[in-house]
Amino acid sequence: MRILAALALVSICSAAVAAPSPAIPDTPAGHTLKAWLDAFNSGDRAQIDAYVKTYDPKNDAGHILEFRAMTGGFDLLAVDVNEPLHVRFRVKERGGERVAVGNLEVREGQPATVVSLGLRAIPPGMTAADLDIKVDAATRGSVIDAIADKLTEFYIYPDVAKKMVAALRAHQRKGEYDTIADG
């Protein structure tokens, strides 16, 4: 009887233990992801400032803190793409039920620095795969044309819209959007 009771207790305790977080890759992108999650989840201004200074100097610690206040932090659910300079991952808000897909691209260095970091919430009833939209050159060109048209048509200051469209087209001519392949 005591053995059965002990087995039952072990089963109950095992069920109560949360699943471990997935392993973060031992790559430049993985190290940067870990640094971001640690700083973000800490909610500590000094730690976030140190992260920004070291890994993402184009970012603003104040904006990160505002976003942290909205989400309560994130729990890492999975790493879906693992490349040396890019990781795609899924996280769940600690302060709610939302799940998001994240993409982190870094520039090699000691330490690697953030090129881009973005999160997209997965709408209810959808999966991360539903958000995996590939963009080819023709689609990219159509999107850029549509942005230029909408700026020209709707931007409140027509002279500023012309400058923005000119800058958009200059970046396009230089091929600066050519590597964008993810919707």
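Residues numbered from 1 in each chain as written. Predicted model: local features only at pLDDT ≥ 70, side-chain atom pairs only at ≥ 80, totals over all residues. Heavy atoms only, no water.

Asker: Talk me through the overall build of the chain; I want residue IDs and the actual numbers.
Answerer: Across its full length, the chain holds 6 helices and 4 strands. Scanning the chain from its N terminus toward the C terminus, one meets helices and strands in the order α-α-α-α-β-β-β-β-α-α. Looking at the chain as a whole, 28% of its 183 residues are labelled buried. Contacts in the chain between residues far apart in sequence, at least 24 positions, make up 41% of those at least 6 positions apart. As displayed, the chain has an accessible area near 11800 Å², and 60% of this comes from carbon and sulfur atoms. (Helix = DSSP H or I, 4+ residues; strand = E, 2+ residues; numbered from the N terminus. Buried < 20%, exposed > 50% of the residue type's maximum accessible area, 1.4 Å probe, protein only. Contact = heavy atoms within 4.5 Å. Areas by Shrake-Rupley, 256 points an atom, 1.4 Å probe, with all protein chains shown as cover.)

Asker: Give a description of helix 3 (residues 45–55) that names residues and reports values.
Answerer: If you check which residues of helix 3 are buried, you get Ile 48, Tyr 51, Val 52 and Tyr 55. The arc enclosing the buried residues of helix 3, seen along the axis, measures out at 100 degrees, which places them on a common side. Along helix 3, the residues that are exposed and aim more than 90 degrees away from the buried face are Ala 46 and Lys 53. The inward-facing, buried residues of helix 3 abut helix 2 (28–42), helix 4 (61–71) and strand 4 (113–121). (Arc of directions from axis to C-beta.)

Asker: Any details on the packing of helix 2 against helix 4? Residues and values, ideally.
Answerer: The description of two helices packed together rests on the angle between their axes and the distance between the axes. Remark: helix 2 packs on helix 4, axes separated minimally by 9 Å, with the N-to-C direction vectors making an angle of 70 degrees. With respect to each other, helix 2 and helix 4 are oriented roughly perpendicular. Between helix 2 and helix 4, the residues in contact are Phe 40, Asn 41 and Ser 42 and Ile 64, Phe 67, Arg 68 and Thr 71, respectively. Taken together, the residues of the contact of helix 2 with helix 4 break down into 3 nonpolar, 3 polar and 1 charged. (Axes fitted to C-alpha atoms, helices over the stretch in contact; angles between N-to-C directions. Parallel < 35°, antiparallel > 145°, perpendicular 65-115°, else oblique. Nonpolar A, V, L, I, M, F, W, Y, C, P; charged D, E, K, R; others polar.)

Asker: Describe helix 5 (residues 137–154), naming the residues involved and giving the relevant values.
Answerer: The first and last C-alpha atoms of helix 5 sit 26 Å apart over 18 residues, in line with the 26 Å expected at 1.5 Å per residue. Taken together, the buried positions of helix 5 are Arg 140, Gly 141, Ile 144, Ala 148 and Leu 151. All buried residues of helix 5 fall inside an arc of 100 degrees around its axis, so they share one side. Pointing more than 90 degrees away from the buried face of helix 5 are the exposed residues Ala 138, Glu 153 and Phe 154. The inward-facing, buried residues of helix 5 abut helix 6 (158–173). (Expected span 1.5 Å × (residues − 1).)

Asker: Quick rundown of the side chain of Arg 88? Include the residues and the values.
Answerer: Following the sequence through the fold, Arg 88 ends up in strand 2 (residues 86–93). We classify Arg 88 as buried; its relative accessible area is 12%. One polar contact links Arg 88 to Asn 103, side chain to side chain, over a distance of 3.0 Å. Contacts of Arg 88, omitting those with residues within four sequence positions, involve Val 79, Asp 80, Val 81, Val 101, Gly 102, Asn 103, Asp 132, Lys 134 and Asp 182. (Polar contact = N/O pair within 3.5 Å; in protein donor to acceptor, adjacent residues only side chain to side chain.)

Asker: Now, about the pairing of strand 1 (residues 74–83): what can you tell me, with residues and values included?
Answerer: As paired elements, strand 1 and strand 2 share 8 bridges and run antiparallel to each other. Along strand 2, the bridge assignment pairs Val 81 with Arg 88. The hairpin turn running from strand 1 into strand 2, its antiparallel successor, is 2 residues long. (Pairing = 2+ DSSP bridges.)

Asker: Account for the pattern of salt bridges, with residues named and values stated.
Answerer: Applying the stated criterion to the full structure yields 6 salt bridges. Lys 34 serves as the salt-bridge partner of Asp 38, at 2.7 Å between the closest nitrogen and oxygen. Within this pair, Asp 38 and its partner Lys 34 are both found in helix 2, separated by 4 residues, close to a single helical turn. On the basis of relative accessible area, Asp 38 is assigned to the partly exposed category, the value being 37%. Residue Lys 34 is classed as partly exposed on the basis of its relative accessible area, which comes to 42%. In this structure, Arg 94 and Asp 75 form a salt bridge, with 2.8 Å as the shortest nitrogen-oxygen distance. Highlighted residues: Arg 94 in the loop between strand 2 and strand 3 (99–107) and Asp 75 in strand 1, separated in sequence by 19 residues. By relative accessible area, which is 44% here, Arg 94 ends up partly exposed. Accessibility expressed as a relative area gives 33% for Asp 75, which makes it partly exposed. (Salt bridge = Lys/Arg side-chain N within 4 Å of Asp/Glu carboxyl O.)

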